Amino acid sequence: MAKIAVYMTGGIALYKGIEVIRSLEKSGNQVRVAMTESATKLVSPVTLHALTHQPVLTTLWTQNDSPVPHVELADWSDYAVILPATANIIGKMAHGIADDAVSTTLLATAISKVVVVPAMNSNMWNNPAVQRNIKQLKNDGIKIIEPVTGLLAEGYQGKGRLPEPGEITSQLEAIISTQNSKQLPRKRVLITAGGTRERIDPVRFIGNRSSGKMGIALANAAADAGAMVDLVLGQITVPEPVNPRIKIYHVESTEEMQSAVTTLFPSANILIMAAAVADFRPVTIAKQKIKKVDGQEQLGISLVKTTDILKTVGAQKRSDQLVVGFAAETTDLLQNANKKLTNKNADLIIANNVAGANGAFGSDLDQITILQKNSEPIFWPKMTKVNVAVKLIQLLATKVK
Ligand code: CTP
């Protein structure tokens, strides 16, 4: 079990942090807490002291027996979780500022241990300065548990809300179990993410609603598990991952994606086709912009089938390679997904329902069912895509040769 230092800063979501601390302790972890001055205005350190049976670090100048309490706590911890992390502490961390017990201890903590759980008003979260700082933290190798979209303390909807305590706890536990055993050392994982675009003319294309979130979450999870990742990216609506273990290849059309996958597949141990790939493309791409013609009420575009990348690769895969596909369905989920498992010769199909407002496209959440040959389907409860990704990579690590 891990030694976890929890750094609480002055956000109203602090009360959720208390529940996370209780759950972490219940699963056998040791927790010690440090608080900023603003955090102590929201909850008394006495409460945290009573919960953890450990003194709470609030100042650099007095307290316990250690002459350098910040270094002592930094060295003691296996993990440092900033919960909730305000825009202020995120800014300090991004710039190496150490002007109180929390920021100073964090500066003395090895980057690989640090997990930041931001919570703030959506306008603050979307502020370019905060986004720059978050990017900097990611660049430095710090893990971020992303805030979710929902009702904020201010009474309106927006992104910036702390995930529910159960979700934070399970993400932290997933991080801890991934760190404890690097499950994919010396493995190469090839992942496609986002949507392909098929050009119609110089200004138009046929595309789809894929955000790339799931594929990118899988790439991060595989890199965290010790793998080298080749990430073939189509169109995405979220930031690209920044990680020295992830190499990105940009593609636009299905043909370009196929060419990248074909080149990279021979050296991959695992292929995960998380991309939403166009099934048809225009027979010809008009050289000039297609213009309206007077009196013309309809326009037809002839389409031709694209190559099914997963099927092509599935037919060629070696016995030491694992091939995973996704099935995005709006009806008869299991039946359709099962067909894909057989037709595409995949080892696993991850089936998800993309129908209606609860569908997976663009959402942070996903409810998946895992299909494997000669096995019963495995239903996973609804959880964040980040969590699905970590758990899927753990599952694949048990199967890869
Ligand atoms: N896929 C692929 N190449 C294509 C189309 C799909 O590699 N030309 C992959 C996707 O990346 C996904 C899986 O096949 O992993 C299933 O994709 P999906 O869109 O759900 O199904 P399709 O095979 O396109 O079938 P349909 O559209 O009829 O449901």
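To keep things clear, this report deals only with the structure shown in the data block. (Residues numbered from 1 in each chain as written. Predicted model: local features only at pLDDT ≥ 70, side-chain atom pairs only at ≥ 80, totals over all residues. Heavy atoms only, no water.)

Some thoughts on the packing of aromatic side chains
For the structure shown, the criterion picks out zero aromatic pairs. Over the aromatic face of Trp76 sits the side chain of Arg32, whose NZ or CZ is 4.9 Å from the ring centroid. One cation-aromatic arrangement involves Arg197 over Phe205; the distance from NZ or CZ to the ring centre is 3.8 Å. (Phe/Tyr/Trp six-rings, centres within 6.5 Å; stacked < 30°, edge-to-face > 60°. Lys NZ or Arg CZ within 6 Å of the ring centre and 35° of its normal.)

Structural notes on the pattern of salt bridges
Evaluated as defined, the whole model comprises 15 salt bridges. Notably, a salt bridge pairs Lys92 with Asp100, separated by 3.8 Å at the nearest N-O pair. Classification of Lys92 as buried rests on a relative accessible area of 12%. Note that Lys317 and Asp347 form a salt bridge whose closest N and O atoms lie 3.0 Å from each other. Taken together, the positions of Lys317 in the loop between helix H12 (309–316) and strand S16 (322–329) and Asp347 in the loop between helix H13 (333–343) and strand S17 (348–353) put the pair 30 residues apart, joining distant regions of the chain. The exposure class assigned to Asp347 is partly exposed, which follows from its relative accessible area of 21%. Several salt bridges share partner residues, and in doing so they unite Lys16, Arg161 and Glu164 into one network. (Salt bridge = Lys/Arg side-chain N within 4 Å of Asp/Glu carboxyl O. Buried < 20%, exposed > 50% of the residue type's maximum accessible area, 1.4 Å probe, protein only. Helix = DSSP H or I, 4+ residues; strand = E, 2+ residues; numbered from the N terminus.)

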